[in-house]
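Each chain, written out:
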Amino acid sequence: MSITLDEKVAHLPLSPGVYRFTDSRGSSLYVGKAKRLRNRVRSYFQESKNQDGRIRVMVKKITDVEVFVTDSEAEALILENHLIKRHQPRYNIMYRDDKSYPYICITNDDKPRVYPTRTVIKDGSKYFGPYDHVGHMRRMLETIRKTFDLCTCAVSPKMVDKSRGVPKWHSCFDDYLQNCSGDWDPEKYSITMEKVIRLLSGKTDKLIREVKEEMEIASQALEFEQAASLRDSLLSLQKYNQKMKIVDSKKNNRDLFAIEADYDLGEACGVLFKIREGKLIGKFQRFLKNIDGVGRSEMIQSFVEDYYTGPAEYGGEAIPDEVYLSDEMEDETPLSQYLWEKHGKKVPIHVPKIGEKKHLVEMALSNAKLKLGERSLEKEKADRDRIPKAVKDLKEYLHLQRLPRRIECFDNSNIQGSDPVASMVCFVDGKPKKSEYKKFKIKTVTGPDDFASMKEVLIRRYLRVKNEKQQPPDLILVDGGKGQLNVSVEALKEIGFLEQCEIAGLAKRLEEVFIPGKADPVMIPKTSPSLKLLQMARDEAHRFAITFHRKKRSDRTIKTELTDIPGIGETKAKVLLKEFGSVKKIKACSLETLQQFLGRNTGEVVYHHFRK
């Protein structure tokens, strides 16, 4: 007999490891790591107000869990990264850029080769990078070539020009045909490779001093040809070193990570600054997707862990002495343990609050914001060329003068005239743009008058749009039939805005669309994506208005019915509501119950207040 999911979870070990949730088809939903597998996995199936909607939806789909026990949290970190890349789970944070970044590889051979690659193989070779641009990688290879006379060509079959029999992007055979570094004796080759690794790791100051000393020794020994060669190497190193921006006067080795999110775009950008000997030797960024409902702590943790457990871990000097972050991680223990094992000593992980380190992290954060802004512009440009069919069809159904790419939809909410509010939601190219949503408290209307409330809101909204020269909508949609539409048209005429855009009303009963100047409604087919777009905007405006109304009513309840009681402030009023559920239930409580919860005197005051 097969055991149930609950039984399997109940018998999981209390050991560190990795878990993988799958659905009924065996597809991966989520991969995660845990210090204690049973406790972590069981927490998903316990009802909690702290679980976001994304996790609740995922839990409903889980039919099985597979676990992998590890010896430590550091091992779990590596395995988690491997399984995420292998299975591409639906609910993990993923990376938008699927391209392979360029690295410089030093092979694991008797005479190691130095060459560029986008493919990382776990064969003992060292990988340095990633480089955010192939031009930066090539400049580093050129520096290695000029400094050490070392062949750095990629000679894989893909990189060879078959017509000439030489690599495509550099005239390697022309430069080194007579003196190829492959013919050097092993001792010279080994010494050179040690210097190359130091250069790739950003440790240039000591390397420059050593080359200068070697040049002076060769000159004093009258070995002028060798001295001239060393002079050229020194000039190449100094030229490279001068290009590196000095950002840390203490010359420390640091990695700085920053994360910035744009939930409208649905992506986040992580930026890394690599600082070695106080110099900024490299910058790297990646775009994260699947971030809906994900906090910054989880995003920064995913970005940092993915970097250190990815190809960067195979670099000889990849681990710095210090790591600084823009945000706290959810749990830094696995990464701290992993870095300690790799580096041989503790690597502090901090979020700086003041000083030079804080300034550097803010600089990385500014880069992340800039990259997200560029990405948003790219997406907007691409979206302009991809107008949804629902938007195009809506223009035809309603005989609009222009495409309704930006729709602003309004709705009112009140209960018998109390706490009247209104909402405006914005849809751009058929999708909600939540950063543009607006809330309105009705100021001039007394009682349940939806027509007057709508008129007030439209006048306030579009007077501001007009005065501040904001972007006008292509279509205004009001929740209601002909009466609501007529009032809305009056409001726009009153402020001289009617010619700026078009307006329509959506009646709930038969889902009829009313437009100005036509007695009969427009009947859009029930299965049309255009009608579904209007319904979605109307329902979202209603949801947003109801949510705002409930909050306003709740705040008023706390401030009037409870805070009027002597000794009950706003904080204690909220505690009372949380404990008993409503003011009605507090009124029904016995004197003993209230005294037990509030104390003898305050409990008596509350009890008698409701019985005056």
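Residues numbered from 1 in each chain as written. Predicted model: local features only at pLDDT ≥ 70, side-chain atom pairs only at ≥ 80, totals over all residues. Heavy atoms only, no water.

K.L.:
Before we go on, may I ask you to explain the environment of Arg-54 in this structure?
P.N.:
Checked against the element boundaries, Arg-54 lands in helix H3 (residues 53-61). Linking Arg-54 and Asn-290, residues 236 residues apart in sequence, is a C-alpha distance of 9.8 Å. (Helix = DSSP H or I, 4+ residues; strand = E, 2+ residues; numbered from the N terminus.)

K.L.:
Sorry if this is basic, but what is going on with the pattern of salt bridges here?
P.N.:
Charged atoms that come close allow side chains of opposite charge to pair. Applying the stated rule across the entire model yields 30 salt bridges. In this structure, the salt-bridge partner of Glu-468 is Arg-464, at a minimum N-O distance of 3.1 Å. Taking relative accessible area as the criterion, Glu-468 reaches 45% and is therefore assigned partly exposed. A single salt-bridge network, built from bridges that share partners, covers Arg-406, Glu-408, Glu-436 and Arg-461. (Salt bridge = Lys/Arg side-chain N within 4 Å of Asp/Glu carboxyl O. Buried < 20%, exposed > 50% of the residue type's maximum accessible area, 1.4 Å probe, protein only.)

K.L.:
In this structure, what is going on with the nonpolar core? I would like to understand it.
P.N.:
Buried together is how nonpolar side chains tend to be arranged in soluble globular proteins. Ranked by size, the top nonpolar core spans 34 residues in total, and within it Phe-257, Met-299, Tyr-308, Leu-325, Leu-335 and Leu-339 carry the most contacts. Only helix H4 (73-87), strand E5 (103-106), strand E11 (254-262), strand E12 (267-276), strand E13 (279-289), helix H10 (296-309), strand E14 (322-325) and helix H11 (333-343) provide two or more residues apiece to this core. No other element matches the six residues that H10 contributes to this core. Excluding residues that lie within four positions of it along the chain, Phe-257 makes contacts with Val-271, Leu-272, Ile-300, Phe-303, Val-304, Tyr-307, Tyr-308, Val-323, Tyr-324, Leu-325 and Ser-326. (Core = buried A, V, L, I, M, F, W, Y, C linked by side-chain atoms within 4.5 Å. Contact = heavy atoms within 4.5 Å.)

K.L.:
In this structure, what is going on with the sheet that holds strand E1 (residues 17-22)? I would like to understand it.
P.N.:
Two modes of strand pairing occur in sheets, parallel and antiparallel, and in both the strands are linked by backbone hydrogen bonds. In spatial order, the strands read E2-E1-E3; together these three strands make up an open sheet with antiparallel pairing. The open sheet is flanked by strand E2 (28-34) and strand E3 (64-69), the only strands paired with a single partner. Direction aside, neighbouring strands of the sheet carry axes that sit 15° apart on average. Pairing analysis gives six bridges linking E1 to E3, with the strands arranged antiparallel. By the bridge assignment, Gly-17 is partnered in E3 with Val-69. Contacting E1, E2 and E3, H4 crosses the sheet at an angle of about 170° to E2. (Pairing = 2+ DSSP bridges. Axes fitted to C-alpha atoms, helices over the stretch in contact; angles between N-to-C directions.)

K.L.:
How should unusual backbone geometry be read in this particular structure?
P.N.:
Most peptide bonds take the trans form, and the phi angle of most residues other than glycine is negative. Of note in this structure, Asn-290 is not a glycine but carries a positive phi near 60°. Residue classification places Asn-290 among the partly exposed positions, given a relative accessible area of 27%. Of note, Asp-429 is a non-glycine position whose phi angle comes to about 50°, a positive value.

K.L.:
Looking at this structure, I do not really get the sheet that holds E5. What am I missing?
P.N.:
Judged by pairing direction, the sheet is antiparallel, and its three strands sit side by side in the order E6-E5-E7 without closing on themselves. Edge positions in the sheet fall to strand E6 (114-117) and strand E7 (126-128), since each of these pairs with one other strand and no more. Geometrically, the sheet is characterised by an average inter-axis angle of 30° between neighbouring strands, direction not taken into account. Pairing of E5 with E6, which is carried by four bridges, proceeds in the antiparallel orientation. Each bridged residue has a counterpart across the sheet, and for Ile-104 the counterpart in E6 is Pro-116. Where helix H7 (residues 186-200) meets the sheet, it contacts E5, E6 and E7, and its direction lies at approximately 155° from that of E5.

K.L.:
When you look at the packing of aromatic side chains in this model, what are you seeing that I'm missing?
P.N.:
Counted under the stated rule, the structure contains 15 aromatic pairs. Measuring from centroid to centroid gives 5.1 Å for Tyr-307 and Tyr-308, while their planes differ by 70°, and the two rings are edge-to-face. The exposure class of Tyr-308 is buried, given its relative accessible area of 1%. By the ring-pair criterion, three or more aromatic residues cluster together here, those being Tyr-19, Phe-21, Tyr-30, Tyr-44 and Phe-45. One Lys or Arg, Arg-90, reaches over the ring of Tyr-91 and ends 5.0 Å from the middle of that ring. (Phe/Tyr/Trp six-rings, centres within 6.5 Å; stacked < 30°, edge-to-face > 60°. Lys NZ or Arg CZ within 6 Å of the ring centre and 35° of its normal.)

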